[in-house]
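Per-entry structural report
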Amino acid sequence: MNIHIRKEESEDFKAVFDLVKDAFEKEEMSDHQEQYLVERLRKSDAFVPELSLVAQIDEKIVGYILLTKIKIIDNERVSEALSLAPIAVLPAYQGKGVGAQLIKYAHEKAKALGFGVVVLLGHENYYPKFGYEMAKKYGIQLPFEVPDENCMVIALTENALQQVKGTVQYPKAFGI
């Protein structure tokens, strides 16, 4: 299976909307509004077009990932980071490595753009295989109650987490 990953284009918006909706339809820990979050984030200052990526197989969009800018605030210190939200794969293509390739590609793109830290809220058994660790270990927390094992962070570059700690501040588009 040949997976091609590329930057999302405006003509992909409808396909991405439907893909994200379908991918989260049966997800228990979802508000089933992720497709609307993507629309809001595209219009926000946090949006980085190069980090809005689609995965294609035979010209069909089967996966999507979005990394957007966030801040991690500790008193006066403000650190810029990224949030991985959402990542979505069409149900028929889940478990075939599409998500893994999207994550690895997005990490490389983010690193090339000068970003060093990615935070996410996700399944504790999936993301550690990509290098994610509990954010609590680094003194990073989300601005709402969530089990520690679901709040994770990764350093894309060596020592990127050395001076980063505090509470994540999401852009207004997240509605938090």
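Counting starts from 1 at the beginning of each chain's written sequence and moves along it residue by residue. Reporting of local features is limited, given that this is a predicted model, to residues whose pLDDT is at least 70; pairs of side-chain atoms are given and counted only at 80 or more, and all residues count toward the totals for whole chains, interfaces and linings. For the side-chain quantities, the full set of heavy atoms in the structure was used; hydrogens and water were omitted.

**Looking at the nonpolar core**
One recurring pattern in soluble globular proteins: nonpolar side chains tend to sit buried together. Stated precisely, the cut-off is as follows: Buried Ala, Val, Leu, Ile, Met, Phe, Trp, Tyr and Cys residues that are joined via side-chain atoms within 4.5 Å together make up what is termed a nonpolar core. Relative accessibility decides the category of a residue: with a 1.4 Å probe and only protein chains considered, values under 20% of the type maximum give buried, values over 50% give exposed, and everything between is partly exposed. Helix and strand definitions here come from DSSP, where helices need a minimum of 4 consecutive H or I residues and strands a minimum of 2 consecutive E residues; each element is numbered from the N-terminal end.
Counting residues in hydrophobic clusters, the biggest one holds 63 residues, and the most contacted among them are Leu84, Val98, Val117 and Tyr132. Among the secondary structure elements, those contributing two or more residues to this core are α1 (13–24), α2 (34–42), β2 (47–57), β3 (60–74), β4 (77–89), α3 (98–112), β5 (117–121) and β8 (151–155). Top contributing element to this core by residue count: β3, with 8 residues.

**So, the pattern of salt bridges**
Note the cut-off: We define a salt bridge as a contact between a side-chain nitrogen of Lys or Arg and a carboxyl oxygen of Asp or Glu at a distance within 4 Å.
According to the stated counting rule, one finds 6 salt bridges in the structure shown. Lysine 165 is the salt-bridge partner of aspartate 74, the closest N and O atoms lying 3.9 Å from each other. Within this pair, whereas aspartate 74 is found in strand β3, its partner lysine 165 is found in the loop between β8 and β9 (166–169), the two being separated by 91 residues in sequence. Notably, a salt bridge pairs lysine 136 with aspartate 148, separated by 3.0 Å at the nearest N-O pair. One end of the pair, lysine 136, is in the loop between β6 (133–134) and β7 (140–141); the other, aspartate 148, is in the loop between β7 and β8, and 12 residues separate them in sequence. According to the relative accessible area criterion, lysine 136 is exposed, its value standing at 54%.

**With respect to the layout of surface pockets**
Spelled out, the test is: Detection works on a 1 Å grid of protein atoms alone, calling trapped sets that fit a 1.4 Å probe cavities and calling open sets with protein on both sides within 12 Å along at least five of seven lines pockets, with lining residues defined by an atom within 4 Å of a point. Grid points are joined across faces, edges and corners, and a volume is the space filled by probe spheres set on the points. Under the grouping applied here, Gly and all other residues not named as nonpolar or charged are polar, the nonpolar ones being Ala, Val, Leu, Ile, Met, Phe, Trp, Tyr, Cys and Pro and the charged ones Asp, Glu, Lys and Arg.
By volume, the second largest pocket amounts to about 190 Å³. Lining the second largest pocket, in full, are Ser44, Asp45, Ala46, Lys69, Ile70, Lys71, Glu80, Gln169, Tyr170, Pro171 and Lys172. By residue number, the principal contributor to the lining of the second largest pocket is β3, which donates 3 residues. Of the residues contributing to the lining of the second largest pocket, the split by class is 4 nonpolar, 2 polar and 5 charged.

**Overview of a nonpolar patch on the surface**
This is how the line gets drawn: Each patch groups residues whose relative accessible area exceeds 30% and which form no salt bridge, using 9 Å between like charges and 5 Å between nonpolar side chains of Val, Leu, Ile, Met, Phe, Trp and Tyr. Accessible surface area values rest on a Shrake-Rupley calculation with a 1.4 Å probe, where residue burial reflects the displayed protein chains alone.
A cluster of nonpolar residues, Leu121, Phe144 and Ile176, forms a patch on the protein surface that exposes about 260 Å² of accessible area. When you line up the elements, isoleucine 176 lands in the segment after β9.

**Quick word on unusual backbone geometry**
The residue after alanine 85, namely proline 86, is reached through a cis peptide bond having omega -5°. Within the fold, proline 86 resides in strand β4. Positive phi outside glycine occurs at aspartate 58, with the angle close to 50°. With respect to the helices, strands and loops of the structure, aspartate 58 is situated in the loop between β2 and β3. Of note, the phi angle at glutamate 59 is positive, near 70°, even though the residue is not glycine. As for its placement among the helices and strands, glutamate 59 is situated in the loop between β2 and β3. Looking at glutamate 59, the relative accessible area reads 71%, which means it is exposed.

**Digging into the side chain of threonine 68**
Where we set the bar: Any two residues having at least one pair of non-hydrogen atoms within 4.5 Å are treated as being in contact.
Looking at the element boundaries, threonine 68 is found in strand β3. What makes threonine 68 buried here is its relative accessible area of 0%. Those residues in contact with threonine 68 that lie beyond four places of it in its chain are Leu41, Ala46, Phe47, Ala81, Leu82, Ser83 and Phe174.

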